Amino acid sequence: MSTRVVKRAFKFRFHPIREQADLLNRTFGCVRKVYNLTLEARTTAWYQRQERVNYNATSALLTAWKKTEELAFLNEVSSVPLQQCLRHLQGAFAAFWEKRARYPRFKSKHKSRASAEFTPSAFRWNNGELTLAKMTDPLDIVWSRPLPEGQSPSTVTVSRDSAGRWFVSLLCQDTIEPGLATTAAVGIDAGLEHLITLSTGEKIANPRHERADRLRLARAQRELARKDKGSRNRAKARLKVARVHARIADRRRDHLHKLSTRLVRENQTLVIEDLTVRNMLGNHTLARAISDAAWTTFRELLTYKADWYSRDLVVIDRWYPSSKVCSACGHLTEKMPLNVRSWTCPCGAVHDRDVNAARNILAAGLAVSACGAGVRPQRGNLRSGQQAVKQETRRATAGIPAL
């Protein structure tokens, strides 16, 4: 396997001085204002005049808005982030027309992510120092890791999270070294008692990061509820709540990154289930635990890392009864309540529920990959993401030849 060159974002924290923070906050506000104005103009044009407004038309609108007295403040910030937000909105509409996303929504000052994207014409990169447009001093970046040697960023995205932390994301070309050659394959069963169970019998413990910080979060939320709305003390209390949430999210993301990287490096073929997490969150008893497990994030990490390292990621149908089928003989049990963690098949095989499910997932994925029947491309930009139909996976695990 040869090396691959990919575009990779390197994210770092930075600490702006007061002037830089003030300029960036104004830039975030202008980006949000332009995005909302443009979305309103495009929506009005369509519903009132059945007229489609494209990117070029919105760019002309932006020029006109800058000349008005009401929106003259748009000239105080760099024009590049404003143009970029128009491109982002165009991409959002394209995804909506292709039925890959919902209709674009307006950005909220308090709920939306504050960010601005700069292209090379709006920043200066010199010997590892980054200076944005309309700034005189470079950003004080905490370099936690080096950028690819000899590479300079093609785009720079500056953001501020709800906890008040500042981040800069540098998009560079990076060379991905190929993983070690292997023929190993693994089935992965997601769960709550254990985060995942592998077909090898290994069970990965669920760290339950949200539960670990639940008391701290509840205390911070109680303090927030006691503060008067609009007061400075309420703003400080809100920041404490956001910092607890940020701590939980950071620890969860770190664990999932390490776990997904390990699985991709050790195995050539990885098989998972196509879980509908959004529907599963309708179970209010388990919704909190399911959100804490972050199965969707884990799948996203597996997807792009499998693509990077030329591994095969196979996704089997969500309706395949992996827990009810005996991995030894293929017998299908009609009912299998969630409280049943181990069971005995009529053939005499004793199964751990999760290990048995992982083995069935692996068998189904290997079967449909080998025969190619009932396989359709996975949504998104996957290299080898595949999804097996239920009938094919049932044949495979029951020992019935594929059609």
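Model, not experiment: these values are computed from the prediction.

Chemist: Tell me about the overall build of the chain, and please be specific about residues and values.
Modeler: Along its length, the chain carries 11 helices and 15 strands. Projecting the C-alpha coordinates of the chain onto the three principal axes gives extents of approximately 80 × 50 × 50 Å. The contacts of the chain with a sequence gap of at least 6 include a subset with a gap of at least 24, amounting to 70%. Accessible surface, the chain: about 23000 Å² in total, of which carbon and sulfur atoms supply 49%. With 68 positive and 37 negative side-chain charges, the chain shows a spacing of 5 Å between the two charge centroids.

Chemist: Report on the pairing of strand β3 (residues 123–126), specifying residues and quantitative values.
Modeler: Bridging between β3 and strand β4 (residues 129–132) involves four bridges; their strand directions are antiparallel. Across the sheet, N126 pairs through a bridge with E129, a residue of β4. Hairpin remark: β3 followed by β4, antiparallel, with two residues in the connecting loop; positive phi at N127, about 55 degrees.

Chemist: Quick one: what's the story with the environment of L82, residue by residue and with numbers?
Modeler: Inspection of the secondary structure puts L82 in helix α3 (residues 79–97). Here L82 falls in the buried class, since its relative accessible area comes to 0%. In the structure, L82 is positioned 34 residues away from A116 in sequence and 8.1 Å away in space, judged by C-alpha atoms. Apart from the residues lying within four places of it in its own chain, the contact partners of L82 are C30, V31, V34, L62, K66, L74 and V77.

Chemist: Mind laying out the domain arrangement of the chain, listing which residues take part and the relevant values?
Modeler: Per the domain assignment, the segments of the chain are domain 1 (4–176) and domain 2 (178–205 + 263–375). Spacing between the C-alpha centres of domain 1 and domain 2 amounts to 38 Å. Summing the contributions of domain 1 and of domain 2, the shared interface buries around 510 Å²; its carbon and sulfur component is 53%. Counting across the domain 1 and domain 2 interface gives one salt bridge. Inspection of the domain 1/domain 2 interface yields one residue pair in polar contact (both at pLDDT 80 or more). The element that contributes the greatest number of residues to the side of domain 1 that touches domain 2 is strand β1 (residues 4–13), accounting for three residues.

Chemist: Residue-level account of unusual backbone geometry, with values.
Modeler: Residues other than glycine seldom take positive phi values, yet K134 does so here, at roughly 70 degrees. If you trace the backbone, K134 turns up in the loop between β4 and β5 (155–160). For K134, a relative accessible area of 53% translates into the label exposed. Phi at R208 is positive, roughly 50 degrees, even though this residue is not glycine.

Chemist: Go over a positive patch on the surface with me, naming the residues and quoting the values.
Modeler: Side chains of R216, R219, R222, R226, K227, R232, K236, K240 and R243 sit close together on the surface and give a patch of like positive charge. The set of elements that each furnish at least two residues to the positive patch consists of α5 (214–226) and α6 (232–266).

Chemist: Can you explain the side chain of S260? Please cite residues and give values.
Modeler: Position of S260 relative to the elements: it lies in helix α6. Reaching out from S260, the side chain makes a polar contact with the backbone oxygen of L256 at a distance of 2.8 Å. Other than its neighbours up to four places away in sequence, S260 contacts F298, L301, L302 and K305.

Chemist: Go over α3 with me, naming the residues and quoting the values.
Modeler: Taking 1.5 Å of rise per residue, the 19 residues of α3 would be expected to cover 27 Å, and the 28 Å separating its terminal C-alpha atoms lies within 8% of that figure. All buried positions along α3 are accounted for by V80, P81, L82, Q83, Q84, C85, L86, L89, F93 and A95. Of the surrounding elements, those touching the buried residues of α3 are α1 (18–49), α2 (55–66) and β2 (114–118). Looking at where α3 begins, the residue whose side-chain oxygen comes 3.3 Å from the main-chain nitrogen of V80 is S78.

Chemist: Break down the packing of aromatic side chains for me, citing the residues and quoting the values.
Modeler: Scanning the entire structure with this criterion turns up eight aromatic pairs. A ring pair is formed by W125 and W143, whose centres lie 6.0 Å apart and whose planes are at 80 degrees; its orientation type is edge-to-face. Here W143 lies in the loop between β4 and β5 and W125 lies in strand β3, a separation of 18 residues in the sequence. Grouping aromatic residues by their ring pairs yields a cluster made of F93, F96, W97 and Y103.

Chemist: Please set out the pairing of β2 residue by residue, giving values where relevant.
Modeler: For a regular strand, the rule is simple: side chains alternate between the two faces of the sheet. Counting buried positions over the five residues of β2 gives four, a clear majority of the element. One ladder, built from five bridges, connects β2 with β5; its direction is antiparallel. In the sheet register, E117 faces β5, and the bridge partner there is T157.

So, how was this worked out
Residues numbered from 1 in each chain as written. Predicted model: local features only at pLDDT ≥ 70, side-chain atom pairs only at ≥ 80, totals over all residues. Heavy atoms only, no water. Helix = DSSP H or I, 4+ residues; strand = E, 2+ residues; numbered from the N terminus. Contact = heavy atoms within 4.5 Å. Areas by Shrake-Rupley, 256 points an atom, 1.4 Å probe, with all protein chains shown as cover. Lys, Arg positive; Asp, Glu negative; His and termini not counted. Charge placed at Lys NZ, Arg CZ, Asp CG, Glu CD. Pairing = 2+ DSSP bridges. Buried < 20%, exposed > 50% of the residue type's maximum accessible area, 1.4 Å probe, protein only. Domains from an automatic or database assignment. Buried area = accessible area lost by both parts, 1.4 Å probe. Salt bridge = Lys/Arg side-chain N within 4 Å of Asp/Glu carboxyl O. Polar contact = N/O pair within 3.5 Å; in protein donor to acceptor, adjacent residues only side chain to side chain. Patch = residues over 30% accessible without salt bridge, like charges linked within 9 Å, V, L, I, M, F, W, Y side chains within 5 Å. Expected span 1.5 Å × (residues − 1). Phe/Tyr/Trp six-rings, centres within 6.5 Å; stacked < 30°, edge-to-face > 60°.

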